[in-house]
Amino acid sequence: MFEELISLVRREQVSLFIGAGFSKEAGAPSVWDLQKSILERIYDTEKRKSHENDSLADLSNFFVNEIHLGSRNPLMRILRKAFDFEPTCMDDHNWLAKIPHFRRIFTTNYDTLLEDSYAKNDVCVVRNDADCAYMNKPFTVVKVHGDFTDPDSVVITSDDYKQFFTASKNPIMWDLVKTEFATKNILFIGYSLEDNNILDIIQKVSDAQGNNQNEMFLIAPGISPEKQEKLKELKVHYFDAVANVFLTQLIEELKEHITEDFKNKYISGETCTRFLKSYQILPTVQTPVQGNNAIKNVESTTEKPLLHQIQMSVKAEIGEKLKNLDFEKDGELVSNQFFPQRPCFRIAGENLLKCQHLVNGVVLTSDIKEILVSPVEKKFDLTFQIPSRDFLETVTAKVYLLNDKAIRFYVDCDVYFMRIELHVFQEGSPATVTFNFDFKKQYKNNDNAIKWIEVPCALFANEAFIIQELSKFPLNLTSPLQSLEDNNYECFKRYYKDIKRIELAIGKKFKVYNECTEQSWRIAAYICSYLYREPINVRCDDKDGLNFSTKTEKGGELIESFKVNDHISIVTTDERVFKYELNNRTFNIPFGYRILNSCQITNIQKEENGLIFIEFHYDRPTFLLLLSGKSMSEEFPDMKPLDAIIKMN
C-alpha cells in the first residue's frame, strides 16, 4: 500500500508534518479536550453554549478577545495545564526516532514529545524566526504553531492563523515551510482534518507552487468522502491507515534495504550509521567519490555480541536434503579461511533462490551467491602412539559428524592436515578407519615436520599404530606397502632432516618452509652434500648404464697402462657454478663432481691427428655426486688429470 511513499523515504526525499493524532496514544490532549477545557472557563452559560461548536481557533480567539479582553495569559495557563501529562505510550515516537531519513519534522503540536524522543544533542527545535539561525544539528523539529516555552510563538487563535498565513508573524519560519514543500515530498500524519488548519497550509503552498509541487501524502484513518475529494483537488495521496501501521512497515523495509540503499548512494553514510546504531550495530563505512559505497566491517555498540543470521529460500529438492544432511554423500571438502578442511554442502546458482545475511535483524547484504552449510565443529583430544618409533603425542582434533554412521577428525600437524574417518556400518561389526594426509604448500616449524612425518611413515610401513581414544589395539593398513622404497613419506622425512642439517650448518633458520617436492628434496640433498662434503647417490637415467667417450692428447699413458675391458675410476666436472633455490634462499655451489667408480674401457685407439680416442661404459645403477667448494686438484689430489671433454652418448 505504501510502496511509492516508502521508496521516496528510502532516498531521504520526504519530510514529515505531524498533527495532534500522532500524540494521542501517548496521552496528549485532543482538540476536543482543549476545547472542553476552554469552555469550562467560560462561566457565562449563554456565551458558553453559543460557542460550543466553534473550532479550536475560533473558540480560542473568542476566549482571548471577548472573555479576557485580549489577554492571552488565561488561555496559556489552560493549555499548559492540559499538556502537563505523563506519556503513557511512546511507541510511535520511538519508532520515528529510529528513522534518520526524516531530517526535518514539522509539527502543529504543542507538546514536546517529538523532540524528547531524540537525543538532546541531535535535535534542535525551531519555534520562531530567531530559532532558525540555530539549525545546526542532525535533526530539526519545526514547531509551526510554537509551544509553551515561548508563549508568543503559540499559534492557536484565528487571529494567530491570519498573521501566520500573511507572513506577518515569523515570516522566516513560514519561508522555511514553503521551501520544504518546494524541495521535498511531504507526509502528513496525525491529522483528522476536522478543522481546516492543515488544509489551509496545503492550499497556500499549492497555490504558490502551481503544477510544480512535489508529492504530498496523508495517512489518517476514516477520512470522510468529502474530505477525500478535497485532498484529491489538492493533489494529496490519501492512505486510510493509522501511523503505527505505516511506521512498522517502513521500519521493516528499511531493515531490509538500508545497506543496499547506502551502497547505491541513495542515502548518506551518516543516515546509514545512525539507523544501524539504533540496532546496536556500529559500521565502518567507505564513501568513495567513484563507485559504490561499502560497509567494511560491523561491531557491536554494546558488550552484547552481534546476532548473525542467514535467511534463504532454496529449491524444494535442496530443502529436502537440508532436513537430513549427509555430508559424506552430498558434501565436499572446502578449504578456505572460514572453513579450513571442513566438509560442506554447497548451495549455489539456480538452487539458491534468495539469501540474506542479517545482523541484529538488519539485512547486511542480500547479494549472496553461494552458501556453504557445514556440520557443527567440536574439539576432541587424540593420542597417537607408535611403539616402534618411540612416538607418543596428544593433539586436539576438530570433529564433524558426517551422518549417523560416519565421523571425521581433522588434525593440524603443522606440515599437513590429517583427516581420519571412522565408519560403523552395522552394530557389532568392526569399524573401518581411513587416513588422508594433505600436505601444506608452506609450513611453519621444521621440528614439527620431522616429528609428525613419523605418522604416515609408520602407517604405510605397516608398523603398529595406536590411537588410544579410538582403539586399544593397533591399526593396520588393509593393503600395506610391499617395500620401504614404495613409502614416499620416507623421502619426506629425509627432506625435513636435511633442512635441519642445513640450518645447523649455516647457523640460521629459514624464514619460510616450502612443501617437499621431488625437486626440493633433491636440492636439499645437494646442499647437504656441499655443506658436509658428503657424496650422494644419483640414479642413472639409462637402465643399461652410461656410455661416454673422450679425445685427449694425454692418452698415451692409458694405452701403456690399461687395455680394453679394464676398469678405472673417473671423476668428471662441469665448468659452471651450480645455483639452487631452497625455501626462498639462494645457494651458490662452485663445483659438482660425478664420481664413477669402476668404469669399463671398451675402446682405446690412436687417431692420425695424434689424439687418443677412448670409450667407456659404466654399468652401475647409481653414481656418486659430490658438490664442493674446492677445485678438482684440491678435492682429488691423488687422481691423474685428463684434460679432455667427456662426451656422453
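Refer to the structure above for everything that follows.
Residues numbered from 1 in each chain as written. Predicted model: local features only at pLDDT ≥ 70, side-chain atom pairs only at ≥ 80, totals over all residues. Heavy atoms only, no water.

## With respect to the packing of helix H18 (residues 489-506) against helix H19 (residues 518-532)
Alright, step 1. At a minimum axis separation of 9 Å, H18 and H19 run at an interaxial angle of 40°. Taken together, H18 and H19 sit at an angle that is classed as oblique. In terms of crossing hand, the pair formed by H18 and H19 is left-handed. Across from Cys491, Arg494, Tyr495, Asp498, Ile499, Arg501, Ile502, Leu504, Ala505 and Ile506 in H18, the residues of H19 making contact are Ser520, Trp521, Ala524, Ala525, Ile527, Cys528, Leu531 and Tyr532.
Alright, step 2. Residue composition of the contact of H18 with H19, grouped by class: 14 nonpolar, one polar and three charged. (Axes fitted to C-alpha atoms, helices over the stretch in contact; angles between N-to-C directions. Helix = DSSP H or I, 4+ residues; strand = E, 2+ residues; numbered from the N terminus. Parallel < 35°, antiparallel > 145°, perpendicular 65-115°, else oblique. Left-handed = near helix turned anticlockwise from the far one by under 90°. Contact = heavy atoms within 4.5 Å. Nonpolar A, V, L, I, M, F, W, Y, C, P; charged D, E, K, R; others polar.)

## Overview of the environment of Lys579
Alright, step 1. Mapped onto the elements of the fold, Lys579 is located in strand S27 (residues 578-582).
Alright, step 2. Overall, Lys579 belongs to the exposed group, its relative accessible area being 60%.
Alright, step 3. Placed 536 residues apart in sequence, Lys579 and Tyr43 show a C-alpha to C-alpha distance of 114 Å.
Alright, step 4. Here Lys579 is in contact with Thr586, Phe587 and Asn588, once residues within four sequence places are set aside. (Buried < 20%, exposed > 50% of the residue type's maximum accessible area, 1.4 Å probe, protein only.)

## Observations concerning the state of the cysteines
Here a disulfide denotes one covalent bond, and it connects the sulfur atoms of two cysteines.
Alright, step 1. For the coordinates displayed, the defined rule picks out zero disulfides.
Alright, step 2. Free cysteine Cys124: the closest other cysteine sulfur is in Cys132, separated by 9.4 Å.
Alright, step 3. Looking at Cys124, the relative accessible area reads 8%, which means it is buried.
Alright, step 4. Of all cysteine sulfurs, the one in Cys516 lies closest to Cys491, which takes part in no disulfide; the gap is 7.4 Å. (Disulfide = S-S within 2.5 Å.)

## Description of unusual backbone geometry
Alright, step 1. For Leu69, which is not glycine, the phi dihedral falls at a positive 55°.
Alright, step 2. Within the fold, Leu69 resides in the loop between helix H4 (56-67) and helix H5 (73-82).
Alright, step 3. One non-glycine residue, Asn360, lies in positive phi territory at about 50°.

## Thoughts on the sheet that holds strand S18 (residues 406-412)
Alright, step 1. Pairing in this open sheet of six strands is antiparallel, and the strands run S20-S19-S18-S17-S16-S22 from one edge to the other. A strand with exactly one partner marks an edge of an open sheet, and here the two such strands are strand S20 (432-439) and strand S22 (466-467).
Alright, step 2. Two elements, strand S19 (residues 416-423) and S20, share eight bridges in a ladder whose sense is antiparallel. Looking at S20, one finds that Tyr416 is bridged to Phe439. (Pairing = 2+ DSSP bridges.)

## Notes on helix H9 (residues 171-183)
Alright, step 1. Compared with the 18 Å implied by 1.5 Å per residue over 13 residues, the 18 Å span of H9 between its first and last C-alpha is a close match.
Alright, step 2. Residues of H9 that are buried include every one of Met173, Trp174, Leu176, Val177, Glu180 and Phe181, and no others. Taken end-on, H9 shows its buried residues confined to a sector of 150°, consistent with a single buried face. (Expected span 1.5 Å × (residues − 1). Arc of directions from axis to C-beta.)

## A short note on the side chain of His93
Alright, step 1. Note on placement: His93 falls in helix H6 (residues 91-97).
Alright, step 2. Take His93: its relative accessible area is 2%, and that puts it in the buried class.
Alright, step 3. Those residues in contact with His93 that sit more than four places away from it in its chain are Phe22, Ser23, Ala26, Leu113, Leu114 and Ser117.

## A few points about the nonpolar core
Alright, step 1. Phe384, Val455, Tyr496 and Leu582 are the most contacted members of the largest nonpolar core, which totals 68 residues.
Alright, step 2. The element best represented in this core is H19, accounting for seven residues.
Alright, step 3. Leu582 has contacts with Tyr495, Ile499, Ile502, Phe510, Ser520, Ile523, Ala524, Ile527 and Phe587, leaving out every residue within four places of it along the chain.
Alright, step 4. Leu114, Phe239, Leu247 and Phe262 belong to the second-largest nonpolar core, a separate cluster that totals 44 residues. (Core = buried A, V, L, I, M, F, W, Y, C linked by side-chain atoms within 4.5 Å.)

## Looking at the pattern of salt bridges
Alright, step 1. Scanning the model with the defined rule gives 34 salt bridges in all.
Alright, step 2. The partner of Arg533 in a salt bridge is Glu635, with the nearest N and O atoms 2.1 Å apart. Placement of Arg533 in the loop between H19 and strand S24 (536-539) and of Glu635 in helix H21 (residues 632-635) is noted, with a sequence separation of 102 residues between them.
Alright, step 3. Across the pair Glu607 and Lys551 runs a salt bridge whose closest N-O atoms are separated by 3.7 Å. Of this pair, Glu607 sits in the loop between strand S29 (591-606) and strand S30 (612-618) while Lys551 sits in strand S25 (residues 546-552), placing them 56 residues apart in sequence.
Alright, step 4. What emerges from the salt-bridge pattern is a single network uniting Glu115, Arg127, Asp131, Lys143 and Asp147. (Salt bridge = Lys/Arg side-chain N within 4 Å of Asp/Glu carboxyl O.)

## Focus: the sheet that holds strand S12 (residues 342-348)
Alright, step 1. Strand order in the open sheet made by the three strands is S11-S12-S15, with antiparallel pairing throughout. Looking at which strands have only one partner, the edges of the open sheet turn out to be strand S11 (332-334) and strand S15 (370-373). When strand polarity is set aside, the average angle formed by the axes of neighbouring strands in this sheet is 55°.
Alright, step 2. Note that S12 and S15 share four bridges and pair antiparallel. By the bridge assignment, Phe345 is partnered in S15 with Val373.
Alright, step 3. Here helix H14 (residues 316-323) sits on the sheet in contact with S12 and S15, set at roughly 160° to S12.

## Re the packing of helix H12 (residues 243-263) against helix H13 (residues 269-277)
Alright, step 1. It is the contact of H12 with H13, at a shortest axis distance of 10 Å, that shows an interaxial angle of 140°. The angle between H12 and H13 places the two elements in the oblique class. The interaxial crossing formed by H12 with H13 has left-handed handedness. For the pair H12 and H13, contact is made by Ile251, Leu254, Lys255, Ile258 and Phe262 and by Gly269, Cys272, Phe275 and Leu276, respectively.
Alright, step 2. Considering only residue class, the contact of H12 with H13 consists of seven nonpolar, one polar and one charged.

## Side note on the packing of aromatic side chains
Alright, step 1. In the structure shown here, the tally under the stated rule is 39 aromatic pairs.
Alright, step 2. Plain terms: the ring middles of Phe460 and Tyr489 are 5.2 Å apart, the flat faces sit at 40° to each other, and that makes the pair tilted. With Phe460 in helix H17 (residues 454-460) and Tyr489 in helix H18, this residue pair connects regions lying 29 residues apart in the sequence.
Alright, step 3. For Phe460, a relative accessible area of 23% translates into the label partly exposed.
Alright, step 4. Exposure remark for Tyr489: the relative accessible area of 18% places this residue in the buried category.
Alright, step 5. Where Phe510 meets Tyr513, the ring centres are 6.3 Å apart and the plane angle is 70°; that geometry is what we call edge-to-face.
Alright, step 6. A cation over an aromatic ring shows up here: Lys98 above the ring of Tyr279, its NZ or CZ 4.4 Å from the ring centre. (Phe/Tyr/Trp six-rings, centres within 6.5 Å; stacked < 30°, edge-to-face > 60°. Lys NZ or Arg CZ within 6 Å of the ring centre and 35° of its normal.)

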